Amino acid sequence: LSASGSRLTPMMKGLGLAVAGVAAAAAAGAVAAGNLVLKQAELARQTVDLADKLSLTVGQTERLQFIAERTGSNITGLGGAINTINRALTESGGRGRVAADALRALGVATVDAQGKQREAGNVLLDTIKRLAQINTESTRTELAIRTLG
């Protein structure tokens, strides 16, 4: 028994080290998963905040984020675009006039059927849709600059 017991001691130590290694890996995985959950929660909060700022639904904002990522842009650039559209909706001269003229050229309505000013977020969505329909890159770029800044 003492001979087999002396062989078991190194095996037990090896088994203990293996169990400790598995436990450490599991703990590291749990920490990584926790960090991922926290990051996703922060991204969700930012999406909700942006949706509120743009007067859009979260779904519409997520679609804009998707489009922005696919076109090599980022969602933070939409803040500037909203500012330009707001100018087009509220200012009669300067950059507001340039943006308003470009929106008309695109066929994007800035007022609804009752004559009330449309939400800037919805005007932005329509602008992006209209720009996507333009085949000539130079025309699309020129109108994008005039409407979105």
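See the structure above.
Quantities reported herein were computed from a predicted structural model and do not represent experimental measurements. (Residues numbered from 1 in each chain as written. Predicted model: local features only at pLDDT ≥ 70, side-chain atom pairs only at ≥ 80, totals over all residues. Heavy atoms only, no water.)

A. Broad picture of the overall build of the chain. Across its full length, the chain carries 6 helices and 0 strands. Ordered by position from N to C terminus, the α and β elements of the chain give α-α-α-α-α-α. Split into buried and exposed, the 149 residues of the chain put 25% on the buried side. Put simply, 50% of the contacts in the chain that link residues at least 6 apart link residues at least 24 apart. (Helix = DSSP H or I, 4+ residues; strand = E, 2+ residues; numbered from the N terminus. Buried < 20%, exposed > 50% of the residue type's maximum accessible area, 1.4 Å probe, protein only. Contact = heavy atoms within 4.5 Å.)

B. Focus on the environment of leucine 78. Its place among the elements puts leucine 78 in helix 3 (residues 77–90). In this structure, the C-alpha to C-alpha distance between leucine 78 and glycine 149, residues 71 residues apart in sequence, is 9.6 Å. Apart from the residues lying within four places of it in its own chain, the contact partners of leucine 78 are Leu64 and Leu124.

C. Structural context of the pattern of salt bridges. By the definition in use, this model includes 5 salt bridges. Between arginine 45 and aspartate 49 there is a salt bridge; the shortest N-O distance is 2.4 Å. With arginine 45 and aspartate 49 both in helix 1 (residues 2–54), this residue pair falls 4 residues apart, about one helical turn. Judged by its relative accessible area of 37%, aspartate 49 falls in the partly exposed class. Note that arginine 146 and glutamate 142 form a salt bridge whose closest N and O atoms lie 2.6 Å from each other. Here the residue arginine 146 and the residue glutamate 142 both occupy positions in helix 6 (residues 137–148), the gap between them amounting to 4 residues, near one helical turn. A network of salt bridges, in which partner residues are shared, links Glu42, Arg45 and Asp49. (Salt bridge = Lys/Arg side-chain N within 4 Å of Asp/Glu carboxyl O.)

D. Representation of the nonpolar core in the model. Counting 24 residues, the largest nonpolar core has Leu54, Leu64, Ile85, Leu106, Val123, Leu124 and Leu143 as the members making the most contacts within it. At the level of secondary structure, the elements contributing two or more residues to this core comprise helix 1, helix 3, helix 4 (94–106) and helix 5 (120–132). (Core = buried A, V, L, I, M, F, W, Y, C linked by side-chain atoms within 4.5 Å.)

E. View of the packing of helix 3 against helix 4. Where helix 3 meets helix 4, the closest approach of the two axes is 7 Å, and the angle between their N-to-C directions is 90 degrees. When the axes of helix 3 and helix 4 are compared, the pair comes out roughly perpendicular. For the pair formed by helix 3 and helix 4, the contact residues are Thr84, Arg87 and Ala88 on the first element and Arg95, Gly96, Ala99, Ala100 and Leu103 on the second. Tallied by class, residues from the contact of helix 3 with helix 4 come to 4 nonpolar, 2 polar and 2 charged. (Axes fitted to C-alpha atoms, helices over the stretch in contact; angles between N-to-C directions. Parallel < 35°, antiparallel > 145°, perpendicular 65-115°, else oblique. Nonpolar A, V, L, I, M, F, W, Y, C, P; charged D, E, K, R; others polar.)

F. Fine view of the packing of helix 3 against helix 6. One way to put it is that helix 3 packs onto helix 6 with a least axis distance of 7 Å and a crossing angle of 75 degrees. Accordingly, the angle class assigned to the pair helix 3 and helix 6 is roughly perpendicular. The residues of helix 6 that touch helix 3, namely those facing Gly80, Ala81, Thr84 and Ile85, are Arg146, Thr147 and Leu148. Its residues placed into classes, the contact of helix 3 with helix 6 shows 3 nonpolar, 3 polar and 1 charged.

G. Geometry of helix 6. Here helix 6 contains 12 residues, and its C-alpha end-to-end distance of 16 Å stays within 8% of the 16 Å for a straight helix at 1.5 Å per residue. Of the residues trailing helix 6, glycine 149 is marked for its positive phi of about 90 degrees. (Expected span 1.5 Å × (residues − 1).)

H. Focus on the side chain of glutamine 60. Relative to the helices and strands, glutamine 60 is located in helix 2 (residues 58–70). Residue glutamine 60 is classed as buried on the basis of its relative accessible area, which comes to 19%. Excluding anything up to four places from it in sequence, glutamine 60 contacts Asn122 and Leu125.

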